[in-house]
Protein chains: 2
Amino acid sequence: MQMKNVRLKMARIEHDLSQDELAKKVGVTRQTIGLIELGKYNPTLSVCIAICKTLNKTLDDLFWEEQSE
Amino acid sequence: MQMKNVRLKMARIEHDLSQDELAKKVGVTRQTIGLIELGKYNPTLSVCIAICKTLNKTLDDLFWEEQSE
DNA sequence: ACTTTATGACATATATAAATTGCATTATGT
DNA sequence: ACATAATGCAATTTATATATGTCATAAAGT
């Protein structure tokens with residue numbers, strides 16, 4: 001299995017959004033966000049991009065493994 | 001529909017790989033690579049990451065829309 | 001001309017992302 | 001004690017990513 005996505009959760013909290021609120025902004029369901037945060041899902045690129053745009057982050061910020069310096 | 005992924009194709013050519021060769025290194029089929037390059041697919045994050053690692057690029061390099069200045 | 005390589009296109013099958021619904025639990029507020 | 005919000009979990013359904021196989025075509029080499 002994969003790892004928890006702590007960066008995503010932190011970025012969401014920074015924006016003061018619940019999983020449900022983020023999900024609605026992104027256009028997916030709460031379960032999808034929850035499972036991605038738990039690392040139990042392998043999301044599609046379009047969902048990743050939608051999440052990044054909502055949280056003002058890039059793919060590398062939230063989904064790339066090696067942190068940029 | 002989406003747009004062609006020219007950056008992916010260029011990165012692949014830089015490494016002197018055919019779609020089939022890249023696919024084998026990444027662990028997917030030729031069709032998957034071809035469709036992603038044509039912009040007719042919405043790949044999963046794991047496939048994106050596998051492609052990036054094979055081509056020594058990051059997600060932002062190949063799959064993020066806004067080019068980093 | 002013939003072969004080989006590379007790529008696009010198409011159909012079908014399979015795996016899995018995502019939706020939908022519901023329930024359990026924990027924390028917080030009253 | 002009761003309500004409500006937030007989250008995890010699980011079952012089922014639906015949509016679609018990916019695999020598999022095949023064919024067409026164009027380019028390069030012989």
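Everything in this summary refers to the structure shown in the same document.

What counts and what doesn't
- Residues numbered from 1 in each chain as written.
- Chains lettered and ligands numbered in written order.
- Predicted model: local features only at pLDDT ≥ 70, side-chain atom pairs only at ≥ 80, totals over all residues.
- Least-squares fit on C-alpha atoms with pLDDT ≥ 70 in both.
- Contact = placed C-beta atoms within 7 Å.
- Helix = DSSP H or I, 4+ residues; strand = E, 2+ residues; numbered from the N terminus.
- Nonpolar A, V, L, I, M, F, W, Y, C, P; charged D, E, K, R; others polar.
- Near = placed C-beta within 6 Å.
- Buried ≥ 20, exposed ≤ 12 C-beta atoms within 10 Å, placed from the backbone.
- Arc of directions from axis to C-beta.

### Re the relation of the copies chain A and chain B
Line of reasoning, step 1. Aligned on chain B, chain A shows an RMSD of 0.0 Å; the corresponding rotation is 180 degrees and the shift along the axis is 0.0 Å. Both copies of the chain, as the preceding transformation shows, are related through a two-fold rotation axis. Among all C-alpha atoms of chain A, that of Thr44(A) lies closest to the rotation axis, at 2.0 Å.
Line of reasoning, step 2. Mapped onto chain B, 100% of the interface residues of chain A again fall at the interface, so both copies present the same surface.

### Observations concerning the interface of chain A and chain B
Line of reasoning, step 1. On the chain B side, the residues contacting the 11 residues of chain A number 11 residues.
Line of reasoning, step 2. At the level of elements, α4 (45-55) and α5 (59-63) of chain A are the ones that each hand at least two residues to the side of chain A that touches chain B.
Line of reasoning, step 3. When grouped by side-chain class, the residues that make up the side of chain A that touches chain B number 6 nonpolar, 4 polar and 1 charged.

### Let's talk about the protein's contact with DNA strand C
Line of reasoning, step 1. Within the structure, DNA strand C sits among 17 residues, and Thr32(A), Asn42(A), Pro43(A), Thr44(A) and Ser18(B) are positioned closest to it.
Line of reasoning, step 2. Within the residue set of the surface near DNA strand C, elements represented by two or more residues are α3 (30-38) of chain A together with α2 (19-26) and α3 (30-38) of chain B.
Line of reasoning, step 3. When residues of the surface near DNA strand C are assigned to their parent elements, the largest contribution, 4 residues, is made by α3(B).
Line of reasoning, step 4. Among the residues making up the surface near DNA strand C, the classes are represented as 5 nonpolar, 10 polar and 2 charged.

### Regarding helix α1 (residues 6-14) of chain B
Residue and element names in this part refer to chain B.
Line of reasoning, step 1. Along α1, the residues that are buried comprise Leu-8, Ala-11 and Arg-12. The buried residues of α1 occupy one face: seen down the axis, they fall within an arc of 100 degrees. In α1, the exposed positions angled more than 90 degrees off the buried face are occupied by Val-6, Met-10, Ile-13 and Glu-14.
Line of reasoning, step 2. Those residues of α1 that are buried are in contact with α2, α3, α4 (45-55) and α5 (59-63).
Line of reasoning, step 3. Residue Asp-16 follows α1 closely and has a positive phi angle near 55 degrees.

### Quick word on unusual backbone geometry
Negative phi values dominate among residues other than glycine, just as trans dominates among peptide bonds.
Line of reasoning, step 1. Positive phi values are uncommon outside glycine, yet Asp16(A) reaches one of about 55 degrees.
Line of reasoning, step 2. Along the chain, the position of Asp16(A) falls in the loop between α1 (6-14) and α2 (19-26).
Line of reasoning, step 3. Judged by the 7 C-beta atoms lying within 10 Å of it, Asp16(A) is exposed.
Line of reasoning, step 4. The backbone phi angle of Asn56(B) is positive, close to 55 degrees, even though this residue is not glycine.
Line of reasoning, step 5. Along the chain, Asn56(B) falls in the loop between α4 and α5.
Line of reasoning, step 6. Exposure remark for Asn56(B): the 10 C-beta atoms within 10 Å place this residue in the exposed category.

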